[in-house]
Amino acid sequence: DMKGEDYYTDGLDWTHCNGLSEDAEHELLWMSCKHQEAIFAVHSEGGLAGILGGPLSTWTTDGPVFGTLHGPFVEGDRLYLFDNGGQPAAGEVYQLDRSNQSFSLSESYHEKGFSPEVYGNVVPTLSGGVVVSYGVTGLLQILDANRKEVLRIEADQDRKSTRLNSSHLVISYAVFCLKKK
């Protein structure tokens, strides 16, 4: 229970939220907070269910913890997020052990030369793969269930050209260009 000045301590804003994910199965909302340092699990009817990461973590981990995160997404017992504070920045997947309130890093995706300081996202696909967006760096990858890259979209920093690589034979996409007057 925090009040007034407690929302802004150590130069970090607890109300700064970079993502929200509904976990309907467990009636929880997962939010990245405290300037992206921690993930809060909140019961849908109100009340804190736990904190993952940061100095006040109520969950334990046996390995590295995310630093500056974006886009938390929970599906089953897996937490997907993009960690901009890691070296290198990476899309990460954590395994959640709800009964012991612990979590551990199970997958990490990073590409040399694509390390955004802001934004980024990693989400599961319906076929068991993942989509990894490297935010403002201009890279998007789709990996299949075996984690083989099946689609890669790269945009130059000036966004004037895009390179599209795919392991599939047929690719169709639309490109819209807007010009300033």
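The rules we used
All residue numbers refer to position in the chain's written sequence, counted from 1. Per-residue local features are limited, in this predicted model, to residues with pLDDT of at least 70; the limit for side-chain atom pairs, both in listing and counting, is 80 or more; totals at the level of whole chains, interfaces and linings are taken over all residues. Side-chain calculation: all heavy atoms of the structure are included, whereas hydrogens and water are not. Only DSSP runs of H or I reaching four residues or more are called helices, and only runs of E reaching two or more are called strands; each is numbered from the N terminus. Here the term buried applies to any residue with accessible area under 20% of the maximum for its type, exposed to any over 50%, and partly exposed to those in between, with areas from a 1.4 Å probe on protein chains only. Between two residues, a contact is recorded if the distance between any of their heavy atoms is within 4.5 Å. Only the protein chains shown count as cover for residues, and all accessible areas are computed by the Shrake-Rupley method using a 1.4 Å probe. A carboxyl oxygen of Asp or Glu within 4 Å of a side-chain nitrogen of Lys or Arg is what we treat as a salt bridge. Two rings belonging to Phe, Tyr or Trp (six-membered ring only in the last case) form a pair when the distance between their centres is within 6.5 Å. Interplanar angles under 30 degrees mark stacking, angles over 60 mark edge-to-face geometry, and anything in between is tilted. Criterion used throughout: strands pair if DSSP finds at least two bridges between them. The pLDDT value expresses, per residue, how confident the predictor is, ranging between 0 and 100.

Draft legend 1. Structural detail: the overall build of the protein. Scanning the protein from N- to C-terminus turns up 0 helices and 16 strands. Buried positions account for 35% of the 181 residues belonging to the protein. At a minimum sequence separation of 6, the contacts of the protein that also span at least 24 residues come to 31%. As displayed, the protein offers around 10,800 Å² of accessible surface, 53% of which is attributable to carbon and sulfur atoms.

Draft legend 2. Region of the structure containing the pattern of salt bridges. Summed over the entire model, instances satisfying the criterion amount to 6 salt bridges. We note a salt bridge from Glu111 to Arg152, for which the minimum N-O separation is 3.3 Å. With a gap of 41 residues between them, Glu111 in the loop between strand S11 (102-109) and strand S12 (121-124) and Arg152 in strand S15 (residues 149-155) connect regions that are remote in the sequence. Classification of Arg152 as buried rests on a relative accessible area of 12%. Taken together, the salt bridges that share partners define one network made up of Glu111, Glu149, Arg152 and Glu154.

Draft legend 3. Highlighting the packing of aromatic side chains. This model, assessed by the stated rule, comprises 4 aromatic pairs. Their ring planes at 55° and their centres at 6.2 Å tell us that Phe73 and Tyr80 sit as a pair that is tilted. Plain terms: the ring middles of Phe114 and Tyr134 are 6.5 Å apart, the flat faces sit at 55° to each other, and that makes the pair tilted. Of this pair, Phe114 sits in the loop between S11 and S12 while Tyr134 sits in the loop between strand S13 (130-133) and strand S14 (139-143), placing them 20 residues apart in sequence. Grouping residues by exposure puts Phe114 and Tyr134 together as buried. An aromatic cluster of at least three residues, connected via ring pairs, comprises Phe82, Phe114 and Tyr134.

Draft legend 4. Local environment of the sheet that holds S11. One open sheet holds the 5 strands; their spatial order is S7-S11-S10-S9-S8, and the pairing between them is mixed. A single partner strand is all that each edge strand has here, and the edge strands are strand S7 (60-61) and strand S8 (69-75). Bridge count between S7 and S11: 2 bridges; the pairing is parallel. Pairing of Thr61 across the sheet is with Phe103, part of S11.

Draft legend 5. Up close: the pairing of strand S9 (residues 78-83). Across the 6 residues of S9, 5 count as buried, placing the element largely inside the fold. Pairing geometry for S8 and S9, over 5 bridges, is antiparallel. The residue bridging Phe73 from the neighbouring strand is Tyr80, located in S9. Hairpin connection, S8 to S9: the antiparallel pair is bridged by 2 residues, and Gly76 has positive phi, about 60°. Alignment of S9 against strand S10 (residues 90-97), held across 6 bridges, turns out to be antiparallel. Each residue of the ladder has a partner; that of Tyr80, found in S10, is Val93. With antiparallel pairing between neighbouring strands as the criterion, S9 and S10 make up a hairpin whose turn holds 6 residues.

Draft legend 6. Molecular detail of the environment of Ala24. Among the structural elements, Ala24 can be located in the loop between strand S3 (20-23) and strand S4 (28-33). Each C-alpha atom of the pair Ala24 and Val74 lies 9.8 Å from the other, and the pair is 50 residues apart in sequence.

Draft legend 7. The confidence of the model for the protein, seen in detail. Of all residues in the protein, 72% have pLDDT values of 70 or greater, and the mean over the chain is 75. Long-range and interchain partners of residues 1-8, a stretch whose pLDDT sits below 50, account for 9 contacts in this model, where long-range means more than four residues apart. Per-residue pLDDT stays below 50 along residues 168-179; that stretch engages in 4 contacts with residues further than four places along the chain or on separate chains.

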